[in-house]
Amino acid sequence: MSWVQAILLARGLSRGWGGICGAALTGAPFSQVLPQALRGLHCSTATHNSEMSLVPHPPEPPKKPIKAPAPHEELFRQEPGGERDKASFVRAVQNFGQYNVRKRGHVDFIYLALRKMREYGVERDLTVYNLLLDIFPKEVFRPRSVIQRIFLHYPRQQECGIAVLEQMENHGVMPNKETEFLLIQIFGRKSYPMLKYLRMRLWLTRFKNINPFPVPRDLPQDPVDLAKLGLRHIEPDLSARITVYQMPLSDDLTGTEDPIQPHIVGIQSPDQQAALAHHNPARPVFVEGPFSLWLRSKCVYYHILRADLLPPEERKVEKIPEEWNLYYPMQLDLDYGRSGWDDYEFDIDEVEEGPIFAMCMAGAHDQATLAKWIQGLQETNPALAQIPVIFRLAGSTGELLTSSGLEEPPRPLCEVQEEDDDHRKQQQQGRS
Amino acid sequence: DSQKIDREGKIPDDILEKLKSLGLFGMQVPEEYGIILVGTEEQKAKYLPRLASGEHMAAFCLTEPASGSDAASIQTRATLSEDKKHYILNGSKVWITNGGLANIFTVFAKTEVVDSDGSVKDKMTAFIVERDFGGVTNGKPEDKLGIRGSNTCEVHFENTKVPVENVLGEVGGGFKVAMNILNSGRFSMGSAVAGMLKKLIELTADYACTRKQFNKRLSEFGLIQEKFALMAQKAYVMESMAYLTAGMLDQPELPDCSVEAAMVKVFSSESAWQCVSEALQILGGSGYMKDYPYERMLRDARILLIFEGTNEILRMFIALTGLQHAGRILTERIHELKRGNVTTIMETVGRRIRDSLGRTVDLGLTGNLGVVHPSLGESANKLEENVYYFGRTVENLLLRFGKTIVEEQLVLKRVANVLINLYGMVAVLSRASRSIRIGLRNHDHEILLANMFCTEAYVQNLFSLSQLDKDAPENLDEQIKKVSREILEQRTYICAHPLERTS
């Protein structure tokens with residue numbers, strides 16, 4: 001029997017290396033090439049069909065029309081009227097344990113369960129992951145000798161354990177002490193899943209809070225709420241006020257496809273309001289957009305109201321009034337300033353930009369909708385009625401950037417410019 | 001009956017009448033409302049007798065909803081009528097003491113003034129407004145934390161006609177009038193607070209000597225004794241400072257003592273708060289009860305740090321006024337240093353080396369011809385040393401920051417603190433020396449207090465001065481600024497809860 005064992009071990013080792021390298025290196029820049037090459041060299045009949053991740057994605061039906069149902073699929077078969085939730089998932093896992101006392105095929109089952117988790121909506125549930133790990137038989141896969149410890153012991157199982165952890169990582173689930181306990185019981189302290197576990201413990205928290213501008217995990221479905229969230233996200237001033245200028249109204253209740261009245265949500269801070277009030281009416285302001293903003297997997301578009309930077313000769317120098325502070329002098333009568341010795345400012349070339357007066361998100365990106373926004377703004381910014389507004393909108397709206405999302409927004413295709421008089425007329429109408 | 005006044009928020013009329021008959025209204029009133037400072041002879045003749053006799057009360061109307069210490073944002077406006085005989089006054093003032101009782105108001109308003117170059121500017125002007133001029137209304141008295149006996153309310157002026165002769169000072173000169181009035185009103189706080197503290201010491205000492213715990217009187221516990229020493233010391237210092245300032249004010253040719261007055265105000269208000277708080281601590285639970293007067297004193301003392309210019313603003317005033325003076329004297333030297341004049345640089349470096357090797361500073365306070373009594377000699381030496389090194393530090397600061405020091409508020413605060421301590425040391429040394437020489441009763445107690453204060457102040461000053469050095473490890477300003485910036489960006493406390501992640 002010993003030679004059979006030896007062959008099995010060798011096979012397992014080679015396959016295991018591929019898996020381990022894949023698991024350990026996923027995410028590193030070169031990992032996308034390396035695991036494939038390794039697999040091509042070493043792997044025998046692949047245990048799963050995913051190249052990138054250890055977790056097999058659900059197979060796409062058109063590609064493999066004839067596919068035998070995965071083993072244990074029946075455990076997840078939908079009961080009539082049964083709901084897909086945590087309870088039924090847990091029941092399926094428990095059923096596996098009950099019907100299969102010897103836990104035959106538990107690796108396949110775990111892979112299957114990992115794939116099914118999203119359907120059941122438990123992909124972020126730590127207890128479920130621990131439950132899955134609990135399926136592994138305990139103490140069996142722990143290396144007992146030095147040789148076993150040096151080589152990969154029970155590679156397929158270790159790979160499967162890593163796959164569980166990997167899926168946890170992808171969903172941002174932090175393993176806890178129970179996970180650690182299970183892993184030690186199953187694979188021992190010096191195993192690859194344990195290494196993965198330790199790395200997750202170290203890095204997950206750091207990456208979890210690395211974004212200074214966190215976006216909630218579940219985005220609101222309502223476009224108005226989503227617009228509010230997005231506007232708050234890009235507006236640094238916490239005093240800024242959000243105004244809903246127009247609520248969405250649609251023909252039929254179901255569709256937001258073709259609303260007759262798109263939503264318009266705007267944001268403006270008190271400072272922006274003051275800046276707009278002091279804006280020279282001889283200089284036009286521009287409505288520009290749409291610009292894209294990604295909130296998790298959603299892309300929303302916003303428009304800005306801005307003006308050009310004043311040429312240097314027109315800028316007013318802020319003068320300190322003579323009689324300003326009743327209590328202490330605001331400036332000293334000395335003719336020398338700070339010494340270079342105490343000047344910690346870096347020499348930075350700052351690109352100055354023109355002021356932005358307001359931002360909005362609207363359901364439609366056409367000029368009529370945005371004109372309504374400007375009308376709404378005029379109520380709180382009376383000065384805006386005197387300032388010519390020029391619309392500079394990118395021609396195509398809708399699916400503007402979704403296909404080439406990472407590229408810079410296209411230059412405005414057409415500039416819609418209005419005569420000032422025309423616009424004033426329109427504003428008059430709007431106000432009357 | 002202070003308790004009743006506190007409860008009802010009003011001083012009974014009969015008591016006011018008695019105060020009037022005692023002539024107490026004449027004590028400080030005229031100055032506080034500016035008439036004696038800048039009023040014309042006619043104005044003085046018309047209003048002073050009435051005010052001093054208590055026939056009329058006055059109110060000082062400067063603060064507005066949008067304008068605390070910022071004179072530029074005053075909204076109240078006075079426009080000259082067509083016949084040029086009246087000003088029409090419009091606007092609202094808030095937190096006006098005596099606003100509901102006064103018949104005469106000193107009001108500050110913006111007026112249009114034609115400048116020397118012909119341009120029209122808005123400038124502040126002060127007016128004497130009588131309630132009988134019409135259009136003067138006031139809101140209901142504010143419900144306050146402390147000083148509930150004083151009547152504080154809003155005052156509104158609506159098309160009030162003020163005759164031209166009631167302009168206080170010059171037209172457009174209201175800013176200076178307001179500054180003068182504010183500066184002159186402060187020094188009295190020191191003596192008033194000292195009086196309060198003396199009373200407080202009596203009350204709490206009584207309690208500490210009668211209350212027994214563990215078969216010992218409270219007065220036998222060290223931690224209680226410490227509090228009495230503190231109260232006595234603070235009372236002594238602020239009294240000394242107040243009387244030194246008063247003495248200077250009484251000198252001929254009306255010296256400008258606004259900085260000294262501000263120092264007295266800052267020191268006495270902060271000491272008052274600290275002492276009342278400690279007194280409450282001596283009393284334990286009873287101090288917290290409304291049945292005893294201590295909680296009322298605590299509430300009343302809190303306003304001292306806020307009104308007549310908050311202590312923060314006054315510290316800026318103290319430091320900047322001092323630095324302006326120092327800057328004028330040092331300008332020449334600093335220019336030479338900046339130009340790289342070899343002699344000056346060598347001189348400065350040499351002096352620095354001498355200083356760092358340790359030198360005894362002797363400015364002549366002690367010794368055979370010194371003005372300080374030998375029993376206070378050590379304290380006087382400490383003062384001299386502090387003064388000398390403070391001078392060095394100021395020179396350094398001016399060299400480093402120049403006129404941008406106005407922006408360095410944390411630096412200015414330390415400069416002000418050192419200045420206040422130095423002034424306090426001067427005051428106690430001169431008072432204690434005088435007490436010894438003229439043989440006042442218990443002058444050895446005074447020496448104790450003076451030496452105690454001087455030692456404490458000396459150590460505090462050394463610390464402040466070392467913080468003012470460049471790159472001093474004691475100086476946490478950068479960290480302080482960063483912490484507050486991070487908090488203010490989010491407008492919340494940003495640390496995560498300690499139990500946020502438990503595994």
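The rules behind each value
- Residues numbered from 1 in each chain as written.
- Chains lettered and ligands numbered in written order.
- Predicted model: local features only at pLDDT ≥ 70, side-chain atom pairs only at ≥ 80, totals over all residues.
- Heavy atoms only, no water.
- Helix = DSSP H or I, 4+ residues; strand = E, 2+ residues; numbered from the N terminus.
- Rg over C-alpha atoms; globule rule 2.2 N^0.38 Å.
- Buried < 20%, exposed > 50% of the residue type's maximum accessible area, 1.4 Å probe, protein only.
- Contact = heavy atoms within 4.5 Å.
- Areas by Shrake-Rupley, 256 points an atom, 1.4 Å probe, with all protein chains shown as cover.
- Lys, Arg positive; Asp, Glu negative; His and termini not counted.
- Charge placed at Lys NZ, Arg CZ, Asp CG, Glu CD.
- Domains from an automatic or database assignment.
- Buried area = accessible area lost by both parts, 1.4 Å probe.
- Salt bridge = Lys/Arg side-chain N within 4 Å of Asp/Glu carboxyl O.
- Polar contact = N/O pair within 3.5 Å; in protein donor to acceptor, adjacent residues only side chain to side chain.
- Nonpolar A, V, L, I, M, F, W, Y, C, P; charged D, E, K, R; others polar.
- UniProt positions renumbered as here; feature names shortened; annotations may be inferred.
- Expected span 1.5 Å × (residues − 1).
- Axes fitted to C-alpha atoms, helices over the stretch in contact; angles between N-to-C directions.
- Parallel < 35°, antiparallel > 145°, perpendicular 65-115°, else oblique.
- Left-handed = near helix turned anticlockwise from the far one by under 90°.
- Bend = angle between axes of the 7 residues up to and from the residue.
- pLDDT = per-residue confidence, 0-100.
- Phe/Tyr/Trp six-rings, centres within 6.5 Å; stacked < 30°, edge-to-face > 60°.
- Lys NZ or Arg CZ within 6 Å of the ring centre and 35° of its normal.
- Pairing = 2+ DSSP bridges.

**Student:** Got a minute to help me understand the overall build of chain B in this structure?
**Tutor:** In terms of regular secondary structure, chain B is built from 17 helices and 10 strands. Taking 503 residues into account, the globule formula puts the C-alpha radius of gyration at 23 Å, and chain B, at 26 Å, falls close to it. With respect to the principal axes defined by its C-alpha atoms, chain B has extents near 75 × 75 × 75 Å. Looking at the 503 residues of chain B, the share that counts as buried comes to 45%. Long-range pairs, those at least 24 residues apart, make up 72% of the contacts in chain B with a sequence separation of at least 6. When the accessible surface of chain B is split by element, carbon and sulfur atoms take 55% of a total near 26,200 Å². Computed over 60 positive and 65 negative side-chain charges, the separation of the two mean positions in chain B equals 3 Å.

**Student:** Hey, could you run me through the domain arrangement of chain B in this one?
**Tutor:** How big an interface is tends to be reported as the loss of accessible area on association of its parts. All names here are of chain B. According to the domain assignment, chain B contains domain 1 (2-171), domain 2 (179-303) and domain 3 (311-472). The centre of domain 2, based on its C-alpha atoms, is set 25 Å off from the matching centre of domain 3. With 24 residues of domain 2 at the contact, the number on the domain 3 side is 22 residues. Across the domain 2/domain 3 interface, buried area totals approximately 2,100 Å², and carbon plus sulfur atoms make up 70% of it. The tally of links from domain 2 across to domain 3 stands at 2 salt bridges. Residue Glu 270 pairs with Arg 315 through a salt bridge whose shortest N-O separation is 2.9 Å. Across the contact surface, domain 2 and domain 3 share 9 residue pairs in polar contact (both at pLDDT 80 or more). Taken together, the elements giving at least two residues each to the side of domain 2 that touches domain 3 come down to helix 8 (222-249) and helix 9 (258-283). For the side of domain 2 that touches domain 3, a count of residues per class yields 13 nonpolar, 6 polar and 5 charged.

**Student:** Would you take a moment to explain the UniProt feature "domain: ACAD9/ACADV-like C-terminal" (unreviewed entry) in chain B for this structure?
**Tutor:** The feature "domain: ACAD9/ACADV-like C-terminal" (unreviewed entry), as annotated in UniProt, sits at residues 374-492 of chain B in this numbering. Annotated as 80% helix and 0% strand, the span residues 374-492 of chain B places its first and last C-alpha atoms 55 Å apart.

**Student:** Would you mind showing me how to read helix 15 (residues 409-438) of chain B here?
**Tutor:** One full turn of an α-helix is made of 3.6 residues, so residues set three or four places apart face in the same direction. Helix length check: helix 15 of chain B (30 residues) gives 43 Å between terminal C-alpha atoms against 44 Å at 1.5 Å per residue, within 8%. At the C-terminal side of helix 15 of chain B, Gly 439 of chain B shows a positive phi close to 70°.

**Student:** I'm lost on the interface of chain A and chain B in this one. Help?
**Tutor:** Chain A puts 28 residues into the contact, and the matching count from chain B is 47 residues. Looking at the side of chain A facing chain B, the largest losses of area belong to Leu 326, Tyr 327 and Tyr 336 of chain A, adding up to 26% of the total buried there. The interface formed by chain A and chain B includes 2 salt bridges. A salt bridge links Arg 491 of chain B to Asp 237 of chain A; the shortest N-O distance between them is 3.4 Å. For the interface between chain A and chain B, the tally reads 9 residue pairs in polar contact (both at pLDDT 80 or more). Considering only residue class, the side of chain A that touches chain B consists of 13 nonpolar, 7 polar and 8 charged.

**Student:** Explain the packing of helix 14 (residues 377-401) of chain B against helix 15 of chain B here, please?
**Tutor:** All names here are of chain B. Relative to each other, helix 14 and helix 15 sit at 155°, their axes nearing to 11 Å. By the angle class used here, helix 14 and helix 15 are roughly antiparallel. Seen from above, helix 14 lies across helix 15 with left-handed handedness. On the side of helix 14, the interface is formed by Ser 379, Ala 380, Lys 382, Leu 383, Asn 386, Val 387, Phe 390, Leu 397 and Phe 401, while helix 15 contributes Val 411, Val 415, Val 418, Leu 419, Leu 422, Met 425, Val 426 and Leu 429. Here the residues of the contact of helix 14 with helix 15 sort into 14 nonpolar, 2 polar and 1 charged.

**Student:** So what exactly am I meant to see when it comes to the pattern of salt bridges here?
**Tutor:** When the charged atoms of two side chains with opposite charge come close together, those side chains can pair. As enumerated under the stated definition, the model contains 31 salt bridges over all chains in all. Note that Arg 306 of chain A is salt-bridged to Asp 308 of chain A, the shortest N-O span being 2.6 Å. Judged by its relative accessible area of 17%, Arg 306 of chain A falls in the buried class. Note on Asp 308 of chain A: relative accessible area 36%, which makes it partly exposed. Across the pair Lys 198 of chain B and Glu 239 of chain B runs a salt bridge, and its minimum N-O distance is 2.5 Å. Placement of Lys 198 of chain B in helix 7 (residues 188-210) and of Glu 239 of chain B in helix 8 is noted, with a sequence separation of 41 residues between them. For Glu 239 of chain B, a relative accessible area of 13% puts it in the buried group. By sharing partners, the salt bridges in this structure join Arg 333, Glu 347, Arg 351, Asp 355, Arg 392 and Glu 395 of chain B into a single network.

**Student:** Please clarify how the domain arrangement of chain A should be interpreted in this entry.
**Tutor:** Assigned domains of chain A: these are domain 1 (83-208) and domain 2 (218-249 + 261-312 + 353-404). Here the C-alpha centre of domain 2 of chain A lies 48 Å away from the C-alpha centre of domain 1 of chain A.

**Student:** So what exactly am I meant to see when it comes to the environment of Met 189 of chain B here?
**Tutor:** Residues and elements named next belong to chain B. Along the chain, Met 189 falls in helix 7. Met 189 sits 77 residues away from Val 266 along the chain, and the two C-alpha atoms are 9.3 Å apart. Apart from residues no more than four positions distant in its own chain, Met 189 is found in contact with Lys 265, Ser 268, Ser 269, Leu 304 and Phe 307.

**Student:** Can you help me understand helix 5 (residues 41-53) of chain B in this one?
**Tutor:** Residue and element names in this part refer to chain B. Spanning 13 residues, helix 5 covers 18 Å between terminal C-alpha atoms, matching the ideal 18 Å at 1.5 Å per step. At Tyr 47, helix 5 is bent by approximately 35°, the largest bend along its length, and proline Pro 49 sits one to four residues beyond. Along helix 5, the positions that sit buried rather than exposed are Gln 43, Tyr 47, Leu 48, Arg 50 and Leu 51. Looking one or two residues past helix 5, Gly 54 carries a phi angle of roughly 85°, positive in sign.

**Student:** Explain the confidence of the model for chain B here, please?
**Tutor:** In low-pLDDT segments, the atomic positions of the prediction should not be examined closely. Residues and elements named next belong to chain B. Mean pLDDT over chain B: 88, with 97% of residues reaching 70 or higher. Taken element by element, the predicted model of chain B shows its lowest mean pLDDT in helix 3 (residues 29-32) (55) and its highest in helix 16 (residues 443-468) (96). In the model output, the complex is listed with pTM 0.81 alongside ipTM 0.79.

**Student:** Sorry if this is basic, but what is going on with the environment of Arg 124 of chain A here?
**Tutor:** All names here are of chain A. Within the secondary structure, Arg 124 is located in the loop between helix 4 (106-120) and helix 5 (126-133). Between the C-alpha atom of Arg 124 and that of Leu 305, which follows or precedes it by 181 residues, the distance is 41 Å. Sequence-distant contacts of Arg 124, that is, excluding residues within four places in its chain, are made with His 171, Val 173 and Arg 217.

**Student:** How should I be thinking about the packing of aromatic side chains in this particular structure?
**Tutor:** For any pair of aromatic rings, the description consists of the separation of the ring centres together with the inter-plane angle of the planes. Inspection of every chain in the model, using the stated rule, returns 17 aromatic pairs over all chains. Their ring planes at 20° and their centres at 6.3 Å tell us that Tyr 292 of chain B and Tyr 294 of chain B sit as a pair that is stacked. Its relative accessible area of 39% is what places Tyr 292 of chain B among the partly exposed residues. A connected cluster of aromatic rings, assembled from ring pairs, spans Phe 76, Phe 89, Phe 96, Phe 109 and Tyr 120 of chain A. The positively charged end of Arg 392 of chain A is found above the aromatic ring belonging to Phe 286 of chain A, 3.9 Å away from the centroid. Positioned over the ring face of Trp 273 of chain B is Arg 302 of chain B, at 5.1 Å from the centre of the ring.

**Student:** Would you mind showing me how to read the confidence of the model for chain A here?
**Tutor:** Residue and element names in this part refer to chain A. Looking at chain A, the pLDDT average stands at 77 and 72% of residues meet or exceed 70. Here residues 59-65 is a poorly scored stretch, pLDDT under 50, and it has 3 contacts once near neighbours within four places are set aside; other chains count. With pLDDT under 50 throughout, residues 396-432 is counted as low confidence; its partners more than four residues away or in other chains account for 50 contacts.

**Student:** For this particular structure, what's the right way to read the sheet that holds strand 3 (residues 285-295) of chain A?
**Tutor:** Two orientations exist for strands paired in a sheet by backbone hydrogen bonds: parallel and antiparallel. All names here are of chain A. With mixed pairing, the 6 strands of this open sheet are ordered in space as 1-2-5-4-3-6. In the strand order of this sheet, the two ends are held by strand 1 (241-246) and strand 6 (389-393), each with one partner. Strand-to-strand twist of the sheet, defined as the mean angle between neighbouring strand axes without regard to direction, takes the value 30°. Relative to strand 6, strand 3 is paired through 5 bridges, and the arrangement is parallel. Among the inter-strand pairings, Glu 288 is bridged to a residue of strand 6, identified as Arg 392.

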